[in-house]
Amino acid sequence: MTRSSNRRDALRLGVVAAAGVLPLAGASAANAATPAPAGRRPDNPHGPFLEVTAYGAKGNGTTIDSPAINRAIKAAAAAGGGTVYFPAGTYASHSLRLRSNITLFLDHGATLLAAAPKNGVGFDDPGDGAGNPYQDFGHSHWRASLIWGEELENICIQGPGRIDGAALVRNMSASSPAGTGDKAIALKLCRNVVIRDLTIVRGGHLSILPTGVDNLTIHNVKIDTIRDGINVDSCRNVRISDCTINTHGDDAIVLKSSYALGFARPTENVTIADTMVSGYDVGTVVDGTYGRDDPAAADRDGPTGRIKFGTESNGGFRNIAISNVIFDRCRGLALETVDGGLLEDITISNVTMRDVSNAPIFLRLGARMRGPAGVDVGRLRRISISDVTVHNADPRYPSMIVGLPGHDVEDVRISNMRIHMRGGLSMTEAAEQPANLINTFFAEPGAREPYAVPERPQAYPEPAMFGILPAWAFYIRHATGVQLDNVDARFERPDTRPAVVLEDVRDAELHHVRLQKAQGAPTFVLRNVTDFAVHQGRPVEDVRIAGHVDVREI
C-alpha cells in the first residue's frame, strides 16, 4: 500500500460502524421548494402530482418498488414535468432514473429504502464512467446509485421523508458483483437542482455526489452515514445551508475538482452556511444519542466529519465563502490543492470547533499531480479566516500553513481566533516520533532532528503526514504574506515546544497575538525568514526584522 493512497484504502476497507405537505401544483421542479398547506392530497394521480402507489408501488418495505416509481417518473416527464409523490410507507428500491422537470417528494413517514440486490438484479450498471484513472471508482461513475441523473435540468428531491441506503456499499470497484450500488444521490452535468428537507442515513460511499452541476441548492438536509456526506465536484453556483452532517469515518462536506468529466473544471461560486459537521458514532446524531464509543476512523486518526477542499484538485477552487459552521467531535478545516489546481479567494468566518481530532486549520499546497502529465504545481492564495473558536484540540497537530520549496502558500489572513489545545508534549516527542503517538498510516516512522520535517510533496495531504511537529500553535513553512491578527492560543497542560515555527517564510506580520508560554520554551522560532514583525503581542510585545534571519529564537 502506498502512502499516497493509504487513507483512501482505509476508508474503503474499514469496518462499517453501524449497520402530508405537497409542493404547489404546476410548480417547476427547481421552484418546488415551497410547500402547499398541510394535508393537501393529489386529486388526480395522472395530473401534476403522480402518486407512486397509482403506478404499482406498494410501500411495504419488501416489494421492489423501483419499477413502479420509474414508471411514475417517466409519466411525469412525458407530461412536461411534475411531482412524483411518495406517501407514508417504506419503498424498497433499486435505481431511480431522474428526468428533467421532475420533483421527487417524500412525505412524512415515507422512506426510500435501498434494497439488496438479488441474483445479480439490483442497481443500474455503473457504465463506462470517467474513462481515466485519476479519481476513485465512486467518483468516476454515477449510475450505480439509488437516485441518479445525467445531463438534466430543473430537478428537485425533497422531504420531509427519509432516504435509507441500507444496501449501499462503502466502496465499489469494477469487480463488484452485478447490481451493487454505492451512492444515495448522484448527478452529472445537471443544472438547476434543489435537494432539501431530507434525512439521509447509511448513504454508502457518497450520500450526495453532484459532478459538473450548476445552480445547486442543498438546504436543511440531515445526513448520518458511514462515509462522505456531500461531495461537490467541479460544480458552479452552489448553496449549502442549514444542514446537519455526521460522518464519523469520512468527510462531511467536501469540495473537489477532479478529472471525472474528462477535463479539469473548477469548483467555484460556493457558499456553505449555518451548518453543523460532526464525527459522532454512525447513526447517533439522527437518533439523538450522540455516541462517542468509536474513537478513530479507519485511517487511525480521530473521527473525521469535517469540511475539506480536495483531495482531488485538478480544476481548482475559487470564490468560496463559508460562514456560521459548527465542527463537533471531528477534524478541523482542510484546504488542499495537490493536483495542479488553483485554490484562491476563499473567505471563512464564524466557526466553532470542539473536540478537534487533528489540526484546526490545515492549508496544504502539494504536488501529488494525479492527472494528465505536463501540469504545473497549483497555487494556494488569498485566504481569509476570521472569528474562529477552537476548544480541546489534539496537541499533535498545530494549525498548519505548508507549501513546497519554490511554491509558497500566499496571502493568508487569520484574525479573531481563540485556540485551546490539550498540550502536554515537548521537543522530545518531536525528535523521537514515538510510535504510539504518530499515525504511521500517513507519517514516516523514525527519529529525526525536530526541525527536519520531511517535505513529502507527493504524499496524501493530511495533518498527520508530518508526524509530531516542533510547534504547538502554528507551523508555517514555504509561505509569503501571512498575517495573524488578534489570535489567542493556550494549552491545557504545559507544552514545551515553541508556540510558532516559521520556516522559509517571507512577510509575516502578527498583531495582538497572545501565546501561552511554557517555562524555558521560546515563543517563536524563525528559520530562513525574511521580513517578520510582531506588534503588541504577549509574551513577545514588539519585534521588527526587516531583513533576513537564518535561525533565531524569540
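Residues numbered from 1 in each chain as written. Predicted model: local features only at pLDDT ≥ 70, side-chain atom pairs only at ≥ 80, totals over all residues. Heavy atoms only, no water.

Caption draft 1: Spotlight on the overall build of the protein chain. A count of helical and extended segments in the protein chain gives four helices and 33 strands. Computed over the C-alpha atoms, the radius of gyration of the protein chain is 24 Å, within 12% of the 24 Å expected from 2.2 N^0.38 for a compact globule of 554 residues. Projected onto its principal axes, the C-alpha positions of the protein chain cover 80 × 45 × 45 Å. Total accessible area on the protein chain is roughly 19,200 Å²; 47% of this is exposed by carbon and sulfur atoms. The protein chain carries 57 positive and 62 negative side-chain charges, and their two centres are separated by 3 Å. (Helix = DSSP H or I, 4+ residues; strand = E, 2+ residues; numbered from the N terminus. Rg over C-alpha atoms; globule rule 2.2 N^0.38 Å. Areas by Shrake-Rupley, 256 points an atom, 1.4 Å probe, with all protein chains shown as cover. Lys, Arg positive; Asp, Glu negative; His and termini not counted. Charge placed at Lys NZ, Arg CZ, Asp CG, Glu CD.)

Caption draft 2: The arrangement of the side chain of lysine 188 in detail. Relative to the elements of secondary structure, lysine 188 occurs in strand 11 (residues 183-188). It turns out lysine 188 is buried and unbridged, and the closest side chain with the opposite charge, glutamate 150, is 4.9 Å from it. In contact with lysine 188, other than residues within four places in its own chain, are Trp142, Gly149, Glu150, Glu151, Thr211 and Leu261. (Buried < 20%, exposed > 50% of the residue type's maximum accessible area, 1.4 Å probe, protein only. Salt bridge = Lys/Arg side-chain N within 4 Å of Asp/Glu carboxyl O. Contact = heavy atoms within 4.5 Å.)

Caption draft 3: Fine view of the packing of aromatic side chains. One pass over the full model with this rule turns up nine aromatic pairs. Plain terms: the ring middles of phenylalanine 441 and phenylalanine 442 are 6.0 Å apart, the flat faces sit at 70° to each other, and that makes the pair edge-to-face. Both residues of the pair, phenylalanine 441 and phenylalanine 442, belong to the buried class. Look at phenylalanine 524 and phenylalanine 532: their rings are 5.6 Å apart centre to centre, the planes differ by 70°, and that puts the pair in the edge-to-face class. (Phe/Tyr/Trp six-rings, centres within 6.5 Å; stacked < 30°, edge-to-face > 60°.)

Caption draft 4: Main features of helix 2 (residues 66-78). Given a rise of 1.5 Å per residue, 13 residues ought to cover 18 Å, and the 18 Å separating the end C-alpha atoms of helix 2 matches this to within 8%. Turning to helix 2, its buried residues number three or more, namely Ser66, Ala68, Ile69, Asn70, Ala72, Ile73 and Ala76. Downstream of helix 2 by a residue or two, glycine 80 has a phi angle that is positive, lying close to 95°. (Expected span 1.5 Å × (residues − 1).)

Caption draft 5: Region of interest: the nonpolar core. Of all hydrophobic cores here, the largest spans 117 residues; its most connected members are Phe86 and Phe532. The greatest single-element share of this core, amounting to eight residues, is contributed by strand 30 (residues 474-493). If we skip the residues at most four places from it in the chain, phenylalanine 532 touches Leu502, Ala508, Leu510, Phe524, Leu526, Val543, Arg544, Ile545 and Ile554. (Core = buried A, V, L, I, M, F, W, Y, C linked by side-chain atoms within 4.5 Å.)

Caption draft 6: Molecular detail of the side chain of aspartate 504. Following the sequence through the fold, aspartate 504 ends up in strand 31 (residues 500-515). Side chain to side chain, aspartate 504 and histidine 478 meet in a polar contact 2.6 Å long. Here aspartate 504 is in contact with Asp408, Arg477, His478, Ala479, Arg527 and Asn528, once residues within four sequence places are set aside. (Polar contact = N/O pair within 3.5 Å; in protein donor to acceptor, adjacent residues only side chain to side chain.)

Caption draft 7: Structural detail: the environment of leucine 106. Inspection of the secondary structure assignment puts leucine 106 in strand 6 (residues 102-106). Taking the C-alpha atoms as reference points, leucine 106 and glycine 89, 17 residues apart in sequence, are found 9.6 Å from one another. Once residues lying within four places of it in the same chain are set aside, the contact partners of leucine 106 are Phe86, Leu112, Gln158, Gly159, Pro160, Gly161, Arg162 and Ile163.

Geometric values such as these leave the question of function open.
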